[in-house]
Structures are given as structure tokens and as C-alpha cells.
Amino acid sequence: MSTEISFLSNARYGKDKVRVLRVVRQGSLHLIVEYNVTVLVEGDIDVSYTKADNSVVVATDSLKNITYYLAKVSPHVLIPERFALHLGVHLVSKYSHLHKAFITVEQLRWSRISVHNGSESKEHPYSFLRDGDEKRFVKVEVDASAGKNHLVGRVSAGITDLLVLKSTGSSFSNFVRDEYTTLVEVDDRIFSTSVDLNYTFAPIELPCPKRDDKLDFNIPVADGQGVGTVWDTSVPDKARKVTLEVFAQDDSASVQATLYKMATQIVQDHPGVASVSYALPNKHFIPVDMKYIQVDNLTPSNAEVFMPVSAPSGLISATISRK
Ligand SMILES: O=c1[nH]c(=O)c2[nH]c(=O)[nH]c2[nH]1
């Protein structure tokens, strides 16, 4: 095989879709998390591709086993950002020839079931319901290329598949009108989207494991700058809240304008967030034309019956970065 005109310019491998449910028992109160984990590594692994030499390969099966083992022993397992960093730090510390780990943790929504006891409503200690398709995710890169004692973490996190709809409070007008335009201007329309939100933190220095088994991972002590950093566990809920509140309350001139308001608010609220990206499909709902039966369902104030259109949809995206 000729190696003169080509070379291996990039190589990364690992396990995708490692599904794990973890139960943490606090007496009779149980806490649960369900994750889909992707665990990928880079390093001195070229010969496994170029020379069929597997001696450098930590099997993807082993990477899966390590993921489950960390889910068992990591004190950080309930917080996706911390669990992902712990797993990444463990991999690059344990294997001298692996220099980078890329961990994605997607968290599925389990909420407690409310039960009534007389007139009192209480959250059940160990019964849960799948609370929608929305997922929280974190993407972590643990980079040991500057040495095993100089670990750098790059973290982004966010939400996917958060489906929202408002039945008024949205307009779209003043756009380019030319020979291709058929869309009419509207001062009242349905706005629905499935929110994909991704916010990125500035790179962080990570503590290196000291123990021989490389399983220890200590979160740095808060230095007073904690708010807005990757260690601030309130960021996901606050970013979700801003997304929902701006969506509901903005008198939307367009998906673009509402997106910008959401993103700028998150950058403003969290000093540790370096940038915020949204991808918002514009899920169209078309008022059904009932002229055939002499019924007006088209003028915005009379539009009551809509046809949801799954495709095509608009797709509006942007990244807002801290200066
Ligand atoms: O909010 C919108 N932005 C667009 O860019 C667009 N384009 C379109 O046809 N409808 C909409 N709505």
C-alpha cells in the first residue's frame, strides 16, 4: 500500500451509546441518573491503523467497562459535568500513551412521581417518571498533551430536544420581498421550536490524580469566582429557565431576534460562560384554508385550526460570544 501520497492525519476511537442507570441510596431516599455516554480517546495509536498493531489499543470494550466502573465508584456520578471530567481524567492518567479523552454524557429526564397522602402531595422517594424527550448533555475534552501533570479541561454543555410552543406573541414581517417571495407578513403566528442549546466554558486546569489507581479526582475548592464556572451546578437549570422565560415573554419579531435575547442573557448571567449557541428549528404551523366551505380560518385573528408541518422547517442558529 502506498504511504507516499497520504498519511493518517487524525485518529480517535472509543465506545458510543454506553447506557447506564445509576441508583444512589440515601437510606430510603433514592437518587437516580440515566446517561448515554460516548467515550473516545486519542494518543499514540497510529500503528493500530497503519501497521495493524493492536498492542496500543485499549479495547472499546474496556472503555465501556471503565465507564461502568466509574459510574459505580465515582463520587461525582450524579453531576454529569463532574462525572465526565472524572472519566476523562482517569483515562489519560491511567494510560501513558493516551493524550486526550473526549467524553459526552447525555442525561435523560427522570422526575419523581408525586403521590397524595390525604390532602398532602409528596414526591415519592424511589418512583420516577420519564419527564419528556428533553436531554441535558455535557461534552468534555481532557487534554494531557502538555504532560500528565498539566491536564486541561474543555467543557461545553447544554440541552437538546426541549420542545416549546407559543400560540401568539410572535410576528414575522419586513423580510426581503422579491420574485421568489410567497410568504405573507404576519403580526400574529404560532412559534414552536425544539431547543438545542450549547454553552461553552473557558478552559480549566484540572487536578491530577495522586493515587496509584488514578481513580481519585478532586473538584478544586471554590475560589470565590465559582459562580458561572463549570463547577457551578446551577448553570444548567438557570440556562434552561432563561430559555423558557425569554421564549414565553419575548414579543418575538423573528426566531433570530428571540434567540439573540436568550443567548445574551445567559452570557450576562454567567461570568464563566465564554459563548452560547442555539440551533432553533422553526416548526411551522399552517392555518388551514377553509374557503371551500366559506369559513375564514386565514386571517390571524380567526386562525384556529392549524396543520403542523414536520418538514421542511426553518433552522436558525447563532453563537454569541463574550468579548
Ligand atoms: O422567524 C423567522 N425567521 C426566518 O428567517 C423565517 N423565514 C421564514 O420563512 N419564516 C421565518 N421566521
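Residues numbered from 1 in each chain as written. Predicted model: local features only at pLDDT ≥ 70, side-chain atom pairs only at ≥ 80, totals over all residues. Heavy atoms only, no water.

Quick notes on the confidence of the model for the protein
- Here the protein shows a mean pLDDT of 95. Residues at 70 or above account for 96%.
- Prediction confidence for the complex, expressed as pTM and ipTM, is 0.94 and 0.98 respectively. (pLDDT = per-residue confidence, 0-100.)

Observations regarding the site of the ligand
- Around the ligand, a shell composed of Phe 172, Leu 183, Arg 189, Ser 254, Val 255, Gln 256 and Asn 282 is seen.
- The separation between an oxygen atom of the ligand and a polar main-chain atom of Val 255 is 2.8 Å.
- Asn 282 places a polar side-chain atom, nitrogen or oxygen, 3.3 Å from a nitrogen atom of the ligand.
- Considered on its own, the ligand offers 300 Å² of accessible surface; in the complex 72% of this is hidden by protein.
- Broken down by class, the residue content of the shell around the ligand amounts to three nonpolar, three polar and one charged. (Near = heavy atom within 4 Å. Polar contact = N/O pair within 3.5 Å; in protein donor to acceptor, adjacent residues only side chain to side chain. Areas by Shrake-Rupley, 256 points an atom, 1.4 Å probe, with all protein chains shown as cover. Nonpolar A, V, L, I, M, F, W, Y, C, P; charged D, E, K, R; others polar.)

A look at the nonpolar core
- The biggest cluster of nonpolar side chains holds 69 residues, and the ones touching the most others in it are Leu 91, Ile 103 and Tyr 278.
- The element best represented in this core is helix H3 (residues 80-94), accounting for seven residues.
- When residues of this core are assigned to domains, at least three fall in each of domain 1 (9-114 + 122-146) and domain 2 (149-200 + 213-323).
- When residues no more than four places from it in sequence are discounted, the contact partners of Ile 103 are Val 37, Thr 38, Val 39, Ala 84, Leu 87, Gly 88, Leu 91, Val 138, Lys 139 and Val 140. (Core = buried A, V, L, I, M, F, W, Y, C linked by side-chain atoms within 4.5 Å. Buried < 20%, exposed > 50% of the residue type's maximum accessible area, 1.4 Å probe, protein only. Helix = DSSP H or I, 4+ residues; strand = E, 2+ residues; numbered from the N terminus. Domains from an automatic or database assignment. Contact = heavy atoms within 4.5 Å.)

As for the UniProt feature "active site" (unreviewed entry) in the protein
- In the numbering adopted here, UniProt assigns the feature "active site" (unreviewed entry) to Lys 15, Thr 60 and His 284. In terms of the greatest pairwise C-alpha distance, the residues named above, spread along 270 residues, do not form a single cluster, extending to 42.0 Å across.
- Structurally, the position occupied by Thr 60 is in helix H2 (residues 60-73).
- Setting aside residues up to four positions removed in sequence, Thr 60 forms contacts with Tyr 13, Gly 14 and Lys 15.
- On the basis of relative accessible area, His 284 is assigned to the partly exposed category, the value being 29%.
- Filtering out sequence-adjacent residues up to four positions away, His 284 remains in contact with Met 307, Pro 308, Val 309, Pro 312, Ser 313 and Gly 314. (UniProt positions renumbered as here; feature names shortened; annotations may be inferred.)

Some points on the pairing of strand S3 (residues 98-117)
- Here ten bridges tie strand S2 (residues 29-43) to S3, and the two strands are oriented antiparallel to one another. Note that in S3 the partner of Gly 43 across the bridge is Leu 98.
- Pairing analysis gives 16 bridges linking S3 to strand S4 (residues 120-143), with the strands arranged antiparallel. Counted as the bridge partner of Ile 103 is Val 140 from S4.
- Counting the residues in the hairpin turn of S3 and S4 gives two residues, including Gly 118, whose phi is positive at 65 degrees. (Pairing = 2+ DSSP bridges.)

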